[in-house]
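One letter stands for each residue in the lines below.
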Amino acid sequence: MVKKLRKKFVVTAMLSLLLILVIMIGVINIINVRHVISEADRLLTMLENNDGYFPGMKFDDRPEDSSQFSSEEEIQPTAESSVGNEPNPRPMNPTNPFQFDKLNSNRDAEMPYQSRYFWVRLDASNNVTEINLGHIASVTENVASEYAIDVANNAQSKGFYHTYRYVLSEKNDGTKLVIFSDQSAAILNMLTLLLQSVLVGLCALIAMFILVFIFSSQAVAPVVESLEKQKRFITDAGHELKTPLAVISANVDVLELESGKSEWTTSIKNQVTRMNGLVKNLLTLSRMDEERMHVVFSDFDMSKTVKDTAVSFEALATSKGKKYQMDIEDGIHITGDKNAINQLASLLLDNAMKYSSEKGSIHVLLTKGNKYITFEVSNTCDAIPSGNLDRLFDRFYRADSSRARETGGYGIGLSVARAIATSHGGSIEALRDGDKIIRFVVTLPKELPKNLQKMN
C-alpha cells in the first residue's frame, strides 16, 4: 500500500513539474523568437524607408567600385547620420556595464556596422536593375538575384527566405526593392537558448525527482496511517460482530424450539444471515493488500471448477424464470488458487443473478487462447450505469442503492473479484454490449507471471 501511494505521489508531482517546465520553456523561447523577428523587422523597416540605406549613410556620388573609397571615407557618416546628432555621453559609472541609456545609445550607433544585409532592386517585370552587397560577404550577385526574383514572384511583403528575413517594397512606378537581413547568428542564438533551457529543465526535473522520491514517504505517511487504522477497525469490528451474531442465532434457535417458528424469528434469522455475509466480506476486504489477496497457487482444472460453480446457480436461475446458458470449454488448466477462482466465479454469477432484468438471460463463457484464458459472465439488465463502468469495481460502490438493498448487496463483491483477478496476474473489466447487456470479462494468464512465481 505504501509503495503504491508513494508511486502515485511521485508520478503526480513529476507530471505537474513537467507541465510547468514545458510551459515556462515554451513561453521563454516563443518570446525570444518574437523578439528576434521584431528586431529584424525594425531593421528592415528602417532600410525600406531609406531606400536600402541607414539614415544619413547614402552616398549619392558613390562609385560602382566601393574599393575606391578609403576606409576613412567608408566609415565616416554624414553629419545627419548620428542618432540624435550628439556624441554618446560618458557613463556615470564606468565600472557598471548595466546602464541602459548607454547600452541603447551604443546599439543604435553601431547598428549600421553590425547588421548583415543586402538588397536588390527590380523593375516592373521583375528584372534585376541594381544589387547592393556592401554589407554582406556570403552572397554573390547571382545568388542575390535568384533570391530576389523568388521573393518577388511569391508576392509576400514580409517573411523568411532560408536564414534571411526579407521585406518586399513596391514603389509607385512599379519597381520593387527587396531587402534581405541575415539572421544566421540570431537563429543560432535561438537554438542555443532552446538547448540550454531544455537542459536546465531536465536537470531541474531530475533534481526534483530525487527530492520528491526522498520525501514522498513523509508526504504519504498520514494517509498510510489513516488507511492502517481503517483496516484495523474493519478487522476488529468484523471479529467483534461474530460473537453477538452467533449468540443471537443460537437464541433464535432456542426460541423456535420452545415456541415454534414465527415471522419474527424468521426475520431475525434472515437479518443474522445477512449480517454474517457482511462480516465475511468485511474480513475479506481487510485481507487485501494493495488489492492483492494472499493465495496459494497450484495447477488445477479451471473448466471443472467454473462448471461446478455455474451448475450450482442453474436451479436458481430457472426458479426466477431467467434464461441460463453455459459455454465452458473443457480441459482448460491454470496455475492458480482453486478456491479463489471458485469464489471469483461465484461472485460474478451472484452479481448477474441479483442485477439481471426480470425474465432476462445470463451467459457464462470460458475459452482459452494462446497465452490467456478468458472467463466471461454477461447478463441483460434494465439500465446499464452511465459513465465509466470501472467504478463498479470500487469498494462499496452501488449503481442502484435501492436495488442493492432489495437484493442484499453491499458493493463489495466486484472489488473482491478484481482483487482475485489481480492476484493471478490478470485483469477484469466491465463492458457494454448494446443498451441492455453488460459483460464482465476476466482475462487470466495460462502461466503464472515471474513476479508471482517468486512470491509463491
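Further up the page is the structure itself.
Residues numbered from 1 in each chain as written. Predicted model: local features only at pLDDT ≥ 70, side-chain atom pairs only at ≥ 80, totals over all residues. Heavy atoms only, no water.

(A) Region of the structure containing the overall build of the chain. Across its full length, the chain carries 12 helices and 12 strands. Here the analysis covers contacts within the chain between residues at least 6 apart in sequence; of these, 67% occur between residues at least 24 apart. (Helix = DSSP H or I, 4+ residues; strand = E, 2+ residues; numbered from the N terminus. Contact = heavy atoms within 4.5 Å.)

(B) Here's a closer look at helix α9 (residues 338-355). Its 18 residues place the ends of α9 26 Å apart at the C-alpha level, agreeing with the 26 Å of an ideal helix rising 1.5 Å per residue. Taken together, the buried positions of α9 are occupied by A340, I341, L344, A345, L347, L348, L349, N351, A352 and M353. The residue sitting at the N-terminus of α9 and contributing the capping side-chain oxygen is D337; that oxygen lies 3.0 Å from the backbone nitrogen of N339. (Expected span 1.5 Å × (residues − 1). Buried < 20%, exposed > 50% of the residue type's maximum accessible area, 1.4 Å probe, protein only. Polar contact = N/O pair within 3.5 Å; in protein donor to acceptor, adjacent residues only side chain to side chain.)

(C) Expanded view of the packing of aromatic side chains. This model, assessed by the stated rule, comprises 12 aromatic pairs. Aromatic pair F54 and Y117: ring centres 5.8 Å apart, planes at 75 degrees, arrangement edge-to-face. Taken as a pair, F54 in the loop between α1 (2-49) and α2 (71-75) and Y117 in strand β1 (residues 117-122) lie far apart in primary sequence, 63 residues in all. Neither residue differs from the other here; F54 and Y117 are each classed as buried. An angle of 55 degrees between the planes, with centres 6.2 Å apart, marks the rings of Y147 and F180 as tilted. Of this pair, Y147 sits in helix α4 (residues 141-154) while F180 sits in strand β5 (residues 176-182), placing them 33 residues apart in sequence. The same class applies to Y147 as to F180, namely buried. Sitting over the face of the ring of F213, R6 holds its NZ or CZ atom 4.9 Å from the ring centroid. (Phe/Tyr/Trp six-rings, centres within 6.5 Å; stacked < 30°, edge-to-face > 60°. Lys NZ or Arg CZ within 6 Å of the ring centre and 35° of its normal.)

(D) View of the nonpolar core. By size, the foremost hydrophobic cluster in this structure holds 42 residues, and its most contacted members are M302, Y324, L348, L366, F375, F440 and V442. Elements with a contribution of two residues or more to this core: α7 (302-312), β7 (323-328), α9, β9 (361-368), β10 (372-380), α11 (413-423), β11 (427-433) and β12 (437-445). Residue contributions to this core peak at nine residues, all from α9. The contacts of L348, once residues within four sequence positions are left out, are F375, V377, L414, A417, I428, F440 and V442. (Core = buried A, V, L, I, M, F, W, Y, C linked by side-chain atoms within 4.5 Å.)

Honestly, it's all geometry; don't read function into it.
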